[in-house]
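Now for the letters of each chain:
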Amino acid sequence: MAFRYQGPARRRAAIAGIVGAILIVLFGPLLAVPSVALVALVYYVHQLAAVLAGDEGVAYPSLALVIVLNALAVLFVQLVVFVEGFRLAT
């Protein structure tokens, strides 16, 4: 069963995937994990928004919450690693 924002979620996840692939090509494979986390965040935040809007068609809403939180954690850790690496390089 489709959830309320499934169409926009797929389109935005595809765009995030393209942006992630471009980042990997430009800056190397170290950005592969953050790129996957970005795509997961973009797709599953739509499911989470649908759950919060009261949509009953979202399968496994707690899983969407866990994926969003994990994707945010991965992106935060990658940001901290980037900032620390930049700070140590200067």
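Anything mentioned here points back to the structure above.
Residues numbered from 1 in each chain as written. Predicted model: local features only at pLDDT ≥ 70, side-chain atom pairs only at ≥ 80, totals over all residues. Heavy atoms only, no water.

1. Observations regarding unusual backbone geometry
Basically, it comes down to this: Helix and strand labels come from DSSP, where a helix needs a run of H or I of at least four residues and a strand needs a run of E of at least two; each type is numbered from the N terminus.
Phi at Tyr 60 takes a positive value of approximately 55°, unusual for a residue other than glycine. Its location among the elements puts Tyr 60 in the loop between α2 (32–52) and α3 (61–89).

2. Observations concerning the nonpolar core
Filter applied, for reference: Definition of nonpolar core: a set of buried residues of the types Ala, Val, Leu, Ile, Met, Phe, Trp, Tyr and Cys, connected through side-chain atoms within 4.5 Å. Each residue's exposure class comes from its accessible area (1.4 Å probe, protein chains only) as a fraction of the maximum for that residue type: buried when under 20%, exposed when over 50%, partly exposed otherwise. Contacts were defined at the residue level, with two residues in contact if any of their heavy atoms lie within 4.5 Å.
Counting 6 residues, the largest nonpolar core is built from Phe 3, Ala 9, Ala 13, Tyr 43, Ala 50 and Val 58. If you list the elements that add at least two residues to this core, you get α1 (6–27) and α2. Beyond its immediate sequence surroundings of up to four residues, Ala 9 is in contact with Phe 3, Tyr 43 and His 46. Listed in part, the 5 residues of the second largest apolar core include Ala 37, Leu 41, Leu 48 and Ala 71.

3. Points about α1
Which entries qualify depends on this criterion: The span you would expect from a helix comes to 1.5 Å times its residue count less one. This arc is taken over the directions from the axis of the helix to the C-beta atoms.
A rise of 1.5 Å per residue sets the reference length of α1, with its 22 residues, at 32 Å; its end C-alpha atoms lie 31 Å apart and thus fit the reference within 8%. Looking only at α1, the buried set comprises Gln 6, Ala 9, Ala 13, Ala 16 and Gly 20. Here the buried residues of α1 occupy an arc of 80° about the axis, which is enough to place them on one side. Facing away from the buried side of α1 by over 90 degrees, the exposed positions are Arg 11, Ile 15, Ile 18, Val 25 and Leu 26.

4. Comments concerning a nonpolar patch on the surface
Our working definition: Here, patches come from residues exposed beyond 30% relative accessible area and free of salt bridges, joined within 9 Å for like charges and within 5 Å for nonpolar side chains (Val, Leu, Ile, Met, Phe, Trp, Tyr). For accessible areas, the Shrake-Rupley method is used with a probe of radius 1.4 Å. Any residue's cover is judged against the shown protein chains and nothing else. The salt bridge definition used is simple: a Lys or Arg side-chain nitrogen within 4 Å of an Asp or Glu carboxyl oxygen.
The grouping of Phe 76, Val 77, Leu 79, Val 80, Val 81, Phe 82, Val 83 and Phe 86 at the surface amounts to a nonpolar patch, some 800 Å² of accessible area in total. Looking at the element boundaries, Val 77 is found in helix α3.

5. Regarding the side chain of Asp 55
Applicable threshold: Definition of a polar contact: a pair of N or O atoms within 3.5 Å, with one able to donate and the other able to accept a hydrogen when the atoms are protein atoms, and with sequence-neighbouring residues admitted only if both atoms are side-chain atoms.
By the secondary structure assignment, Asp 55 is in the loop between α2 and α3. Look at Asp 55 and you get buried, because its relative accessible area is 18%. A polar contact is formed between the side chain of Asp 55 and the backbone nitrogen of Gly 57, at a distance of 2.9 Å. Discounting residues that sit within four places of it in the chain, Asp 55 has contacts with Phe 3, Arg 4 and Ala 50.

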